[in-house]
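# Structural description and commentary
What follows is each chain in one-letter form.
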Amino acid sequence: MTLLHNSGFPRIGHKRELKFALERYWRGEDSLEKLESTAADLRARHWQLQQDAGLDLIPVNDFSLYDQILDHSLLLSAVPSRFGDLSRLTHADAAFCIARGKNAQGQPVAAGEMTKWFDTNYHFIVPELRRGQQFLIGSNKLFEEVAEARALGHTNIKPVLPGPLTWLWLSKTGEAEFDRLELLDSLVEAYGEILLRLAGLGVEWVQLDEPALALDLPAAWKQAYESAYSRLQGTPVKLLLATYFGPLKDNLHLAARLPVDGLHLDAVRAPGELLNLADHLPAYKVLSAGIIDGRNIWRSDLAQALTVLDPLKQRLGKRLWLAPSCSLLHVPVDLLSEAELDKELKDWMAFAVQKLDELALLKQGLHATGEQRSLLLADNTRAAQTRRQSTRIHNPGVQERLQSLTADMAQRHSDYRKRRPQQISLPLFPTTTIGSFPQTAEIRQARRKFRQGQMDAAGYREKMREEIRKVVKIQERLGLDVLVHGEAERNDMVEYFGEQLEGFAFTRFGWVQSYGSRCVKPPILFGDVSRPAPMTVEWSSYAQSLTERPMKGMLTGPVTILNWSFVRNDQPRASTCRQLALALRDEVRDLERAGIRVIQIDEAALREGLPLRRSDWQEYLDWAVESFRISAAAVQDSTQIHTHMCYSEFNDIMPFIAAMDADVITIETSRSHMELLDAFRDFDYPAEIGPGVYDIHSANIPRQEDILALLKKALERIPAEHLWINPDCGLKTRTWEEVQPALENMLAAARQLRQQH
Ligand code: GLN
Ligand code: ZN
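Reading the values: rules and limits
- Residues numbered from 1 in each chain as written.
- Chains lettered and ligands numbered in written order.
- Predicted model: local features only at pLDDT ≥ 70, side-chain atom pairs only at ≥ 80, totals over all residues.
- Heavy atoms only, no water.
- Donors = N, O, S within 2.8 Å, 3.2 Å for Na, K, Ca; no water.
- Tetrahedral: all angles 85-135°; square planar, octahedral: opposite > 155°, others 65-115°.
- Buried < 20%, exposed > 50% of the residue type's maximum accessible area, 1.4 Å probe, protein only.
- Core = buried A, V, L, I, M, F, W, Y, C linked by side-chain atoms within 4.5 Å.
- Helix = DSSP H or I, 4+ residues; strand = E, 2+ residues; numbered from the N terminus.
- Salt bridge = Lys/Arg side-chain N within 4 Å of Asp/Glu carboxyl O.
- UniProt positions renumbered as here; feature names shortened; annotations may be inferred.
- Contact = heavy atoms within 4.5 Å.
- Pairing = 2+ DSSP bridges.
- Axes fitted to C-alpha atoms, helices over the stretch in contact; angles between N-to-C directions.
- pLDDT = per-residue confidence, 0-100.
- Near = heavy atom within 4 Å.
- Polar contact = N/O pair within 3.5 Å; in protein donor to acceptor, adjacent residues only side chain to side chain.
- Nonpolar A, V, L, I, M, F, W, Y, C, P; charged D, E, K, R; others polar.
- Phe/Tyr/Trp six-rings, centres within 6.5 Å; stacked < 30°, edge-to-face > 60°.
- Lys NZ or Arg CZ within 6 Å of the ring centre and 35° of its normal.
- Parallel < 35°, antiparallel > 145°, perpendicular 65-115°, else oblique.
- Left-handed = near helix turned anticlockwise from the far one by under 90°.
- 1 Å grid on protein atoms, 1.4 Å probe; cavity = no way out; pocket = protein on both sides within 12 Å on 5 of 7 lines; lining within 4 Å.
- Points joined across faces, edges and corners; volume = space filled by probe spheres on them.

### Examining the coordination of the zinc ion (ligand 2)
Within the protein, the zinc ion (ligand 2) binds to His-644 (NE2), Cys-646 (SG) and Cys-729 (SG); these donor distances fall in the range 2.1 to 2.2 Å. Coordination at the zinc ion (ligand 2) comes from 4 donor atoms whose angles at the metal span 84 to 124°, giving a geometry best classed as irregular. Mapping the donors of the zinc ion (ligand 2) onto the primary sequence gives the spacing H-x1-C-x82-C. Here Cys-646 falls in the partly exposed class, since its relative accessible area comes to 22%.

### Some points on the nonpolar core
Ranked by internal contacts, the top residues of the largest apolar core, which has 101 residues, are Phe-650, Ile-657, Phe-680 and Tyr-685. Counting residues per element, this core draws most heavily on helix 27 (residues 736–755), which supplies 9 residues. With 98 residues, the next largest nonpolar core counts Val-146, Leu-170, Leu-232 and Ala-255 among its residues.

### Focus: the pattern of salt bridges
Tallied over the full model, the rule gives 63 salt bridges. For Arg-754, the salt bridge goes to Asp-481, with nearest N and O atoms at 2.9 Å. With Arg-754 in helix 27 and Asp-481 in the loop between helix 18 (457–478) and helix 19 (495–498), the pair connects residues that are 273 residues apart, well separated along the chain. Between Arg-671 and Glu-668 there is a salt bridge, and its shortest N-O distance comes to 2.6 Å. Among the ionic contacts, a cluster of salt bridges with common partners joins Arg-43, Asp-71, Lys-141, Glu-145 and Glu-148.

### With respect to the UniProt feature "binding site: 5-methyltetrahydropteroyltri-L-glutamate" (unreviewed entry) in the protein chain
In the numbering used here, UniProt assigns the feature "binding site: 5-methyltetrahydropteroyltri-L-glutamate" (unreviewed entry) to Arg-16, Glu-17, Leu-18, Lys-19, Lys-116, Asn-121, Arg-518, Cys-519, Trp-564 and Glu-608. For the residues just named, distributed over 593 residues, the greatest C-alpha separation reaches 28.5 Å, placing them at more than one site. With sequence-adjacent residues up to four places away left out, Leu-18 is seen in contact with Arg-11, Ile-12, Leu-35, Leu-42, Phe-63, Ser-64 and Leu-65. With respect to the helices, strands and loops of the structure, Lys-116 is situated in strand 3 (residues 114–116).

### A look at the sheet that holds strand 16 (residues 524–530)
The sheet built from 3 strands is open, its strands ordered 13-16-18 with mixed pairing. Looking along the sheet, the strands with just one partner apiece sit at the ends: strand 13 (502–505) and strand 18 (566–567). Sitting on the sheet, helix 22 (residues 573–593) is in contact with strand 13, strand 16 and strand 18, with an inclination near 55° to strand 16.

### Notes on the confidence of the model for the protein chain
Looking at the protein chain as a whole, its pLDDT mean stands at 97, while 100% of the residues score no less than 70. For this predicted complex, the interface score ipTM comes out at 0.99, alongside a pTM of 0.96.

### With respect to the site of ligand 1
In the vicinity of ligand 1, 13 residues are found, and the nearest of them are Ser-436, Glu-487, Asp-602, His-644 and Cys-646. Within the side chain of Asp-602, one N or O atom sits 2.7 Å away from a nitrogen atom of ligand 1. In this structure, Lys-732 approaches ligand 1 through a side-chain N or O atom, which is 3.1 Å from an oxygen atom. Per-class residue counts for the shell around ligand 1 are 6 nonpolar, 4 polar and 3 charged.

### Considering the side chain of Ser-325
When you line up the elements, Ser-325 lands in the loop between strand 12 (320–324) and helix 12 (343–346). We classify Ser-325 as buried; its relative accessible area is 1%. Residues within four places of Ser-325 in sequence aside, it is in contact with Thr-243, Tyr-244, His-264, Asp-266, Val-268, Gly-290, Ile-291, Ile-292, Asp-293, Gly-294 and Arg-295.

### Focus: the packing of aromatic side chains
Counted by the stated rule, this structure contains 18 aromatic pairs. Here Trp-26 and Tyr-66 contribute two aromatic rings whose centre-to-centre distance is 6.0 Å and whose plane-to-plane angle is 45°, an arrangement assigned as tilted. Pair noted here: Trp-26 is in helix 1 (residues 17–26) and Tyr-66 is in the loop between strand 2 (58–60) and helix 3 (68–75), with a separation of 40 residues, a long-range link. Taking relative accessible area as the criterion, Trp-26 reaches 21% and is therefore assigned partly exposed. For Arg-16, the ring lying beneath its charged end belongs to Trp-511, and the centroid distance is 3.6 Å. The ring of Trp-298 has Arg-387 lying over it, and the distance from NZ or CZ to the ring centre is 4.1 Å.

### Here's the deal with the packing of helix 5 (residues 141–151) against helix 7 (residues 184–200)
Two elements in contact, helix 5 and helix 7, have axes separated by 11 Å at closest approach and are oriented at 20°. Here helix 7 runs roughly parallel to helix 5, going by the angle between their axes. With respect to the hand of their crossing, helix 5 and helix 7 are arranged in right-handed fashion. Seen from helix 5, the contacting residues are Leu-142, Phe-143 and Val-146; seen from helix 7, they are Ile-194, Arg-197 and Leu-198. The residue inventory of the contact of helix 5 with helix 7, partitioned by class, reads 5 nonpolar, no polar and 1 charged.

### A word on the pairing of strand 8 (residues 205–209)
Burial analysis of strand 8 places 5 of its 5 residues in the buried class, the great majority of the element. Where burial is concerned, the two faces of strand 8 agree: the one with Trp-205, Gln-207 and Asp-209 and the one with Val-206 and Leu-208 are both buried. In the sheet, strand 6 (residues 157–162) pairs with strand 8 via 3 bridges, with the strands oriented parallel. In the strand pairing of strand 8, Pro-162 is matched with Asp-209. Direction of pairing for strand 8 relative to strand 9 (residues 238–242): parallel, over a ladder of 5 bridges.

### A look at the side chain of Asn-61
Considering the arrangement of structural elements, one finds Asn-61 in the loop between strand 2 and helix 3. With near-sequence residues (within four places) excluded, Asn-61 lies in contact with Lys-141, Leu-142, Glu-145, Val-160 and Leu-161.

### Some remarks on empty space enclosed by the protein
Empty pockets left among the atoms are what a rolling probe the size of a water molecule brings to light. This structure, assessed with the given rule, holds 6 cavities of 30 Å³ or more. Its boundaries defined by the atoms lining it, the largest cavity holds a volume of some 190 Å³. Lining the largest cavity are 16 residues, and of these Gln-68, Val-160, Asp-209, Tyr-244 and Ser-327 sit closest to its centre. Sorting the residues of the lining of the largest cavity by element identifies helix 3 and strand 6 as the ones contributing at least two each. Top contributing element to the lining of the largest cavity by residue count: strand 6, with 3 residues.

Structure, rendered in structure tokens:
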């Protein structure tokens, strides 16, 4: 029979138990024993659940209190020296020191850097390596969890570890640069010992995750794969090499050739490679087809999956395994928790628990034929059918509009140089903020009361208006040139728009881990997107009515809404993005009609959507930029369009940034000491730029002279008449005690700079 396995289960818990336990421990309210016991309960529950679902191999070591890459660094004793000797701490406390920036003595030091895990919204702690470093087993967490699973009666376990090359690829060197491949020998040796110890615990299969094989790899790294894995060849456990998040492309033959016992492929992202791999795989190897989507919340179309699997099974027989495409870490835990979710929509979805059931059903289906198979799949087929035909999803009006999109709809009337003189006149070095002001406890409480029905709509509206009056007054007093309304009414910059657009649904417990205890709850974009009514016009025009100064309308852009939602898989992402763009286009036009002369369309997540492979960038950027332009281009030349991007490299995508054709772009730069502006200078960027002059992620109040120094650096790179002055990003996570003096200093620096010009 076909073997079923899984690469990882969400560890946060269906009610985010782990999050709350972690935070209680960090606040000193609970003991470590209490936290560990919550963690053990979660592991036990999740193992049992996977066992009950009929999995033949269940993952161990996919659990983590903070991050599995950080766990692995501890397993290898790869701890940066600034943390001191963490070896006397428990694994948990050592991990928290690195993740949260404390050394062994409990003093603050720079935390381990965090970065996005491939193209997901999960963030891992980047391993930091130094020249000549030796790797030794430095943690028992892995082995203890194996023993723990066994003690609970699970004999069919498969420890999951980051593979040596992926872990090394994701690491960074300290100040002294060197070729990280120099460390490979010692690293492979440590893996040898780890695998030996696992064998000693009776483990038969170990999964080594090598998603780096889905990336463009330099030749030396490809070679390193060969040498590392051939050195691991004699190991007494069987190795399953897991790739995911994309096709293997030029790494396919390399992956097929590596001397391991099995290869896992993401069959959702690389369906075309399954047969090819089956052909190239030596006869002793297992092929694991990651056929259930671990990155999205839709139910699989099992009949469709079987058309892929049938020929594979013919060829491979028992050597075909089935699994989700990747770890289920990236989807919410259990759809059954969603008591309030619309029944019909729910019928089309599957969270982690449901995905395991799909896997089991798929196996049954694979071993059945004819009538018996149809019977098994009947419910799944019915759901797929209703989804394909539902009028909830398909809106002919939206489709028609998409069809009638023309190139000039993405084109403003004139170019920036002709537009600028028609727009609002401003002093040299105009000052503004990025949109949000502190989300105070008072604001959050009002929203909670409104949601729970303890406050009526009129009361809530008045509360928000009061907040707008307050922030307008403060901004006038500070002397800012372009004001914002403060975004008090927004819980979240994507959810706020999703809630007002047709085609979106929201869950109660659909949390996905972002980093540490932090989770996000992405909206679900299930159908054609349309805008039944204006979404922001009332707030913005009220705010504008309070002041003579220009009020900036504030929208989240189409690409960012797309990249921060679970989106439909029944049409290309590009089409979904264009639908969002059209809805926002209407909002932009309505804002303009209401007398708003400056409109900011945030594209914080534009870069996040970049495909893993360079060769796919152009296609993505083409439609992403086009979508932005569709939303922005409906306005008159006299309306000034801003966009904003959070921390982002611009070098390699500069032509696309320029092609967005915004009149003003504000970017997060303060931490790069304005070096990010080199790209704008080198490109001869034609329009205005607001490089953030202070880091809003820090509670420190920026000093006037530091801001001035940064502005001078900026002026070395961009012309004075193009320079705006603003913070790095929105201020919603800060307090007023921090925001007021920070902005005072920013404005003082602006005045000083103007005097000098
Ligand atoms: N306008 C948003 C704000 O100010 C932008 C947030 C972001 O870039 N992440 O909060
Ligand atoms: Zn930002």
